[in-house]
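Report on the structure
Each chain, letter by letter, is given below.
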Amino acid sequence: MWLLLVLGVVVGVAYIYREIVVKGKRCTSTAKLHGKTAIVTGSNTGIGKETAIDLAKRGARVILACRSRQRGEAALEDVKRESGSNQVVFMQLDLGSLKSVRSFAETFMKSESRLDLLINNAGIFMQGRTEDGFGMMFGVNHIGHFLLTNLLLDRLKASGPSRVVSVSSMAHNFGKINFDCLNTHKALGLGTSFMDVLQVYSDSKLCNVLFTHELAKRLRGTQVTCYTLHPGAINSELTRNTSSILQLCLRPLTLYFFKNTVQGAQTTLHCALQEGLEPLSGRYFSNCTVREVYAKAKDDTAAKKLWELSERFSGLA
């Protein structure tokens, strides 16, 4: 009897959690985007792809900025088909290569007359080194997007009102920025165990939040605003570079307790489209709602220090 009662409570709690927390809120904006242009990085899969589909459905010209040409061109056909729009373009972008980021920005500036939305969506969960010698997650999750955003700022300003949306994670709460390690090794951490990799991922997500905090300051007086967000726990390909055993263990959890990619894209879309968010530039969102962050995620000194180091590392200084 008691066992059945406990089981019933567990099932009930799990159901409520799934309905309220997992499914979460949806972007309610009815904005149409005809005549607008958006870039979505990492849009060949996951929430990036769903974000691109939604923006294309609203009439935007959408640039799929992806590392793999094969996967990007396959996604291009999917996005066109699912959105019913032909205003979708694939442009190759490897965020782990400063040369590639510069080439992408140069090509974009020559071929596109405006930029209304920059969605810094791409992210990676693995150790290693980029071709420029940065730790992989620092290089891809932060430096690549930092350089891309700065190279495109003039076009964003000219097209205002425009927005920069950077996908972070609640993992940023567990992050820290080891500036000594960054200066010495160009990496947030050097360990290779699962917990070490998870820590570096969390650190890179804290970089995203601090970047947005500092960017908002530097954009005051312009018509460009910026936001960062936690999309929720997503059943996506983020962990594709982890061990097959870990992926197998996580599968039952992800199927029931993680958002699907459509649900996971909603807070990104909210930040990109919701009317009246301009006074909240620089803030962090979760479940389509602005949230407070810990002091370390809005530390003016750390944000400025990270910005200046990033300028030096990316060749902007």
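Please refer to the structure higher up on the page.
Quick caveat, the model's predicted, so the values are computed rather than measured. (Residues numbered from 1 in each chain as written. Predicted model: local features only at pLDDT ≥ 70, side-chain atom pairs only at ≥ 80, totals over all residues. Heavy atoms only, no water.)

The next thing to look at is the packing of helix 2 (residues 46-57) against helix 10 (residues 266-273). Helix 10 packs onto helix 2 with a crossing angle of 45 degrees between their chain directions and a minimal axis gap of 9 Å. One element, helix 2, and the other, helix 10, form an angle in the oblique class. The element helix 2 and its partner helix 10 pack so that their crossing is right-handed. Across the interface between the two elements, T51, D54 and L55 of helix 2 pack against T268, L269 and L273 of helix 10. (Axes fitted to C-alpha atoms, helices over the stretch in contact; angles between N-to-C directions. Helix = DSSP H or I, 4+ residues; strand = E, 2+ residues; numbered from the N terminus. Parallel < 35°, antiparallel > 145°, perpendicular 65-115°, else oblique. Left-handed = near helix turned anticlockwise from the far one by under 90°. Contact = heavy atoms within 4.5 Å.)

Moving on, we come to helix 7 (residues 194-218). The end-to-end C-alpha distance of helix 7, which contains 25 residues, comes to 36 Å, matching closely the 36 Å that a straight helix rising 1.5 Å per residue would cover. Across the 25 residues that make up helix 7, a large majority, 18, are buried. (Expected span 1.5 Å × (residues − 1). Buried < 20%, exposed > 50% of the residue type's maximum accessible area, 1.4 Å probe, protein only.)

Before going further, it helps to examine helix 11 (residues 300-314). Along an α-helix, residues three or four apart share an orientation, since each turn contains 3.6 residues. Counted at 1.5 Å a residue, the expected span for helix 11 with its 15 residues is 21 Å, and the 21 Å between its end C-alpha atoms agrees. Listed as buried for helix 11 are A302, A303, L306, W307, L309, S310, F313 and S314. Tucked inside the fold, the buried residues of helix 11 contact helix 4 (98-111), helix 5 (136-158), helix 6 (179-185) and helix 7. For helix 11, the N-terminal cap is D299; the gap from its side-chain oxygen to the backbone nitrogen of T301 is 2.9 Å. (Polar contact = N/O pair within 3.5 Å; in protein donor to acceptor, adjacent residues only side chain to side chain.)

Just distances and angles here, no functional claims.
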